[in-house]
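Observations on the model geometry
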Amino acid sequence: MKNSIVKVTCYIIALYGNAFVVQSCSTSSKGGNNPTESKTEKAIPVNVTTARAKVKTFYNELWCNGKVEAGKSAIVNFEQPGLIKEVLVRNGQEVKKDDILVRLDDTQQMLALQKAQGTLERAKVEMADILLGYNSSGDTASISSKVKQTACIRSGLYDARLALKEAQLNLSKTVIKSPLTGRIVDFEIQPNNPTTAYEKVCRIIDESQLRVRFGIMESELEWAQVGAEVQVSPLSLPQVKVIGQIVEVNRIVDKTGMVSVVASLPKNQHFIPGMNVKLCIRKAIPNALVIPTEALTMRQNRDVVFVMSDSLAIWRYVEVGPRNISEVVINDGIKPGEKVIVNGNATIGHEAWVKELQTE
């Protein structure tokens, strides 16, 4: 009896064991962690874009900040004290040379002019009396020039003529005119105020001949050549680009280590004096081997370019020359016409499998 029970028990255990083994094998075949299958999966190529290395004229660039100023400007001051009687212009108005800006009260100057005229007439009479002493007939032709000069001084005619010129000059200063053609700025005066209430009348700027003043470091002095072209853009409008020309180099280094340079700028509605601008001095280098700057990367602290050969990225150490925002000169390491990888080169290595998405 005991033997029968033992046999039955062993038979049941054997049945459960076989079922577990069958289920485990089934699960393993469906589960997906198959080492053999993972080894046979294909590698995925890295998508890249390329550009060809070209021999062309390369433009080396030096970027600076500057400020626009008027090519010609003049400060208009009060030359005669008095009361402001009439204001004929406004701030921002364009004027021509000798246009009247302001009139002062000229009452005192008119009186001084009339007085000087009277003094001159009296001096003429006195001069005639003195000359009669030398020739009673009134014929002054026979009187020597030295005697006439002495009589002019003794009669006061010489001083009277000077006083008249001074009175006329003072009267002319009550009418303030523009010294040049341009635009009025810093104009703040109002009528019925004394001239002593203001430091100046205004400033006239000629916007037809704008200039840009900027500084470069002493190590960059070779860039500042009179006649060199500069590209100028307002900081507020970087899309506006105007070509100017260097006209002046102050060949002395200031205390900050900078050299002052001035470039002419054609008239443009987007530029006004005092505006901050960005400048680019361009220097042409002919027959340079050029690639996009994006193609240049760093590996092991050296400059590297990946060249595409068939479907492989070939690692090349390169010798780099001048560069600008968009391009860089390669002195050695690649040849003209070779395809360099521009995008997708950040994570690949030597002989990486790559796929070109877009060609130039």
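Above this text is the structure in question.
Anyway, here's the lowdown on the structure attached to this text. (Residues numbered from 1 in each chain as written. Predicted model: local features only at pLDDT ≥ 70, side-chain atom pairs only at ≥ 80, totals over all residues. Heavy atoms only, no water.)

**Here's the deal with the overall build of the chain**
The number of helices and strands found in the chain is five helices and 19 strands. Residue burial in the chain is summarised as follows: out of 360 residues, 33% are buried. Relative to all contacts within the chain whose residues are 6 or more apart in sequence, the contacts with residues 24 or more apart total 73%. Just so you have it, the chain exposes about 23000 Å², and 51% of that area is on carbon and sulfur atoms. (Helix = DSSP H or I, 4+ residues; strand = E, 2+ residues; numbered from the N terminus. Buried < 20%, exposed > 50% of the residue type's maximum accessible area, 1.4 Å probe, protein only. Contact = heavy atoms within 4.5 Å. Areas by Shrake-Rupley, 256 points an atom, 1.4 Å probe, with all protein chains shown as cover.)

**Concerning a nonpolar patch on the surface**
Together, Ile-153, Tyr-158 and Leu-162 make up a nonpolar patch on the protein surface, roughly 330 Å² of accessible area in all. Relative to the assigned elements, Tyr-158 resides in helix H5 (residues 157–172). (Patch = residues over 30% accessible without salt bridge, like charges linked within 9 Å, V, L, I, M, F, W, Y side chains within 5 Å. Salt bridge = Lys/Arg side-chain N within 4 Å of Asp/Glu carboxyl O.)

**Thoughts on the packing of aromatic side chains**
Taken as a whole, this structure holds two aromatic pairs when the rule is applied. With 5.9 Å between their ring centres and 70° between their planes, Phe-306 and Trp-315 make a pair best called edge-to-face. The exposure class of Phe-306 is buried, given its relative accessible area of 0%. Residues Trp-315 and Tyr-317 carry aromatic rings whose centres are separated by 5.9 Å and whose planes lie at 75° to one another, so their mutual orientation is edge-to-face. (Phe/Tyr/Trp six-rings, centres within 6.5 Å; stacked < 30°, edge-to-face > 60°.)

**Notes on the packing of helix H3 (residues 107–132) against H5**
One way to put it is that H3 packs onto H5 with a least axis distance of 8 Å and a crossing angle of 165°. On the basis of their axis angle, the class for H3 and H5 is roughly antiparallel. Classified by chirality, the crossing of H5 by H3 is left-handed. Of H5, the residues touching H3 (which contributes Gln-109, Met-110, Ala-112, Leu-113, Ala-116, Gln-117, Thr-119, Leu-120, Ala-123, Lys-124 and Met-127) are Leu-157, Ala-160, Arg-161, Ala-163, Leu-164, Ala-167, Gln-168, Asn-170 and Leu-171. Per-class residue counts for the contact of H3 with H5 are 13 nonpolar, five polar and two charged. (Axes fitted to C-alpha atoms, helices over the stretch in contact; angles between N-to-C directions. Parallel < 35°, antiparallel > 145°, perpendicular 65-115°, else oblique. Left-handed = near helix turned anticlockwise from the far one by under 90°. Nonpolar A, V, L, I, M, F, W, Y, C, P; charged D, E, K, R; others polar.)

**Topic: the sheet that holds strand S3 (residues 84–87)**
Strand order in the open sheet made by the three strands is S3-S5-S6, with antiparallel pairing throughout. Strands at the two margins of the open sheet, each flanked by one partner only, are S3 and strand S6 (175–177). Strand-to-strand twist across the sheet, computed as the mean angle between neighbouring axes with direction ignored, equals 20°. Relative to S6, strand S5 (residues 100–104) runs antiparallel, the two sharing three bridges. Note that in S6 the partner of Arg-103 across the bridge is Val-175. (Pairing = 2+ DSSP bridges.)

**Brief notes about the pattern of salt bridges**
For the coordinates displayed, the defined rule picks out twelve salt bridges. Note that Arg-183 is salt-bridged to Glu-94, the shortest N-O span being 2.7 Å. Note that Arg-183 is positioned in strand S7 (residues 182–185) and Glu-94 in strand S4 (residues 94–95), a separation of 89 residues in sequence. When its relative accessible area of 24% is taken as the criterion, Arg-183 is described as partly exposed. For Glu-94, a relative accessible area of 51% translates into the label exposed. Of the charged contacts in the structure, one is a salt bridge between Asp-186 and Arg-203, with a shortest N-O distance of 3.5 Å. On the criterion of sequence distance, the pair formed by Asp-186 in the loop between S7 and strand S8 (202–217) and Arg-203 in strand S8 is long-range, its members being 17 residues apart.

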